[in-house]
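Analysis of the macromolecular model
The chain contents come next:
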Amino acid sequence: MRKIDEKGYPWVQYVPKTYDPDTMLERSKALFDTLSERRSIREFSDRPVPLEVIENIIKTAGSAPSGANMQPWTFCVVSDPEIKSKIREAAEKEEHDSYTRRMSQEWLKDLEPLGTDWHKPFLEIAPYLIVVFKKLYGKGESDKKKQHYYVSESVGLACGMLLAAIQNAGLASLTHTPSPMRFLSKILNRPENEKPFLLIPIGYPADEVFVPDISRKDIDQIMVKY
Ligand code: IYR
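Notes on the structure follow.

Calculation criteria
- Residues numbered from 1 in each chain as written.
- Predicted model: local features only at pLDDT ≥ 70, side-chain atom pairs only at ≥ 80, totals over all residues.
- Heavy atoms only, no water.
- Helix = DSSP H or I, 4+ residues; strand = E, 2+ residues; numbered from the N terminus.
- Contact = heavy atoms within 4.5 Å.
- Core = buried A, V, L, I, M, F, W, Y, C linked by side-chain atoms within 4.5 Å.
- Buried < 20%, exposed > 50% of the residue type's maximum accessible area, 1.4 Å probe, protein only.
- Salt bridge = Lys/Arg side-chain N within 4 Å of Asp/Glu carboxyl O.
- Polar contact = N/O pair within 3.5 Å; in protein donor to acceptor, adjacent residues only side chain to side chain.
- Near = heavy atom within 4 Å.
- Areas by Shrake-Rupley, 256 points an atom, 1.4 Å probe, with all protein chains shown as cover.
- 1 Å grid on protein atoms, 1.4 Å probe; cavity = no way out; pocket = protein on both sides within 12 Å on 5 of 7 lines; lining within 4 Å.
- Sits in = over half its atoms within 2 Å of the grid points.
- Pairing = 2+ DSSP bridges.
- Axes fitted to C-alpha atoms, helices over the stretch in contact; angles between N-to-C directions.

**What about the overall build of the chain?**
The number of helices and strands found in the chain is 8 helices and 8 strands. Overall size of the chain, expressed as C-alpha extent along the three principal axes, is 60 × 55 × 40 Å. Sequence separation of 24 or more characterises 79% of the internal contacts of the chain that already satisfy a separation of 6 or more.

Structure follows, in structure tokens:
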């Protein structure tokens with residue numbers, strides 16, 4: 001059903017799916033089981049992944065809520081080996097400087113149990129890199145700046161949904177934040193209104209993967225009841 005409001009804007013009837021409490025319990029537990037199994041990994045297989053799966057994952061991310069529905073994001077999907085190599089080379093250069101000069105001793109100590117360093121071979125091995133850009137402003141008619149709202153919050157929400165969709169498809173991902181990330185704008189030739197937000201390698205995991213033995217906070221540590 002459709003209607004036009006008093007200012008002339010179109011509305012459509014929305015009938016959200018709802019469930020009885022037992023079904024709700026079952027479904028909420030099932031999603032918890034799926035998503036809480038997600039771990040960031042750094043060892044990928046080069047086994048191909050169908051592009052259509054990646055498209056579905058990005059469509060899922062693109063369905064996130066955003067300030068005034070401006071959808072201030074661009075998801076660059078990189079599978080070209082030459083571009084991946086350029087990204088690896090530039091990321092490792094920045095990361096080398098970060099690990100050897102920019103990061104504080106406290107930061108380096110906090111990362112020790114995670115075993116990270118400036119080497120980023122996964123940037124060439126994973127079949128796809130998704131580089132997420134946030135659009136600081138839009139471009140309307142004749143390139144006029146269109147204001148965007150809550151850009152980082154919106155893109156953060158979309159990235160959360162992206163990671164959930166990747167996990168749901170049975171693929172592995174890493175939230176990688178080489179810093180600074182300006183090289184991504186250059187290599188991918190992005191316009192000046194877009195700023196790199198997150199670099200996410202996606203693929204099957206390598207045959208044998210180890211991850212740090214870390215735990216998640218208990219519900220009582222993250223939820224406060226009033
Ligand atoms: N961006 C660097 C360092 C790094 C920082 C944090 I905070 C991490 O949780 C992991 C790594 C890198 O990707 O190695």
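Now that the structure has been shown, the text picks up again.
**With respect to the side chain of Glu95**
Here Glu95 shows up in helix 3 (residues 81-102). Residue contacts for Glu95: discarding those within four places in its chain leaves Trp118, Lys120, His176, Thr177, Pro178 and Ser179.

**Some details on the nonpolar core**
Within the largest apolar cluster, 23 residues are counted, with the highest numbers of intra-cluster contacts made by Phe75, Ile130, Val132, Leu162, Ile166 and Ile200. Secondary-structure elements contributing two or more residues to this core are helix 2 (51-61), strand 3 (73-78), strand 4 (128-135), helix 6 (151-168) and strand 8 (194-203). Considering every element that reaches this core, the biggest residue donor is helix 6, with 8 residues. For Ile166, the contacting residues outside a window of four places in its chain are Ile57, Leu171, Ala172, Ser173, Ile200 and Ile202. Within the second largest apolar cluster, 20 residues are counted, among which are Ala90, Leu129, Ala172 and Met181.

**Here we look at the environment of Val132**
Mapped onto the elements, Val132 comes out in strand 4. We classify Val132 as buried; its relative accessible area is 0%. In contact with Val132, not counting residues within four places along its chain, are Thr74, Phe75, Val155, Cys159, Leu162, Lys195, Pro196, Phe197, Leu198 and Ile200.

**Digging into the pattern of salt bridges**
Think of it this way: side chains of opposite charge can pair up when their charged atoms draw near. By the definition in use, this model includes 9 salt bridges. Among the salt bridges present, the one from Glu92 reaches Arg88, with a minimum N-O distance of 3.1 Å. Note that Glu92 and Arg88 are positioned in helix 3 at a spacing of 4 residues, about one turn of the helix. Exposure remark for Glu92: the relative accessible area of 13% places this residue in the buried category. The partner of Lys120 in a salt bridge is Glu95, and the shortest N-O contact between them spans 3.7 Å. Within this pair, whereas Lys120 is found in the loop between helix 4 (105-111) and helix 5 (122-125), its partner Glu95 is found in helix 3, the two being separated by 25 residues in sequence.

**Regarding the side chain of Ser45**
In this fold, Ser45 is placed in the loop between helix 1 (21-36) and helix 2. Residue Ser45 is classed as buried on the basis of its relative accessible area, which comes to 16%. If near-sequence neighbours (up to four positions away) are discounted, Ser45 is found in contact with Ile125, Ala126, Pro127, Tyr204, Pro205 and Ala206.

**Focus on unusual backbone geometry**
Geometrically, the link from Ser179 to Pro180 is a cis peptide bond, its omega value of -5° lying close to zero. By secondary structure assignment, the location of Pro180 is in the loop between strand 7 (172-173) and helix 7 (182-187). Positive phi values are uncommon outside glycine, yet Ser142 reaches one of about 45°. Locating Ser142 in the fold gives a position in the loop between strand 5 (137-139) and strand 6 (145-147).

**A short note on the environment of Asn69**
Tracing the sequence through the fold places Asn69 in the loop between helix 2 and strand 3. Side-chain polar atoms of Asn69 contact the side chain of Gln71, separated by 3.0 Å.

**Here we look at the site of the ligand**
Near the ligand the following residues occur: Glu95, Tyr99, Met103, Trp107, Leu111, Asp117, Lys120, His176 and Thr177. Within the side chain of Lys120, an N or O atom sits 2.5 Å from an oxygen atom of the ligand. Between the ligand and the protein, one listed contact pairs an oxygen atom with a side-chain N or O atom of His176 at 3.0 Å. In isolation the ligand has 380 Å² of accessible area, and contact with the protein removes 72% of it. Placement of the ligand is best described as lying within the largest pocket.

**Let's talk about the sheet that holds strand 8**
Pairing is antiparallel across the open sheet formed by 4 strands, whose spatial order is 3-4-8-7. One side of each edge strand has no neighbouring strand; the edge strands of this open sheet are strand 3 and strand 7. Of the pairings in the sheet, the one linking strand 4 to strand 8 comprises 8 bridges and is antiparallel in character. Looking across to strand 8, one finds that Lys135 is bridged to Glu194. The strands touched by helix 3 within the sheet are strand 3, strand 4 and strand 8, with strand 3 carrying the most contacts at an inclination of about 110°. Against the sheet, helix 6 contacts strand 3, strand 4, strand 7 and strand 8, and its axis sits at roughly 10° relative to strand 8.

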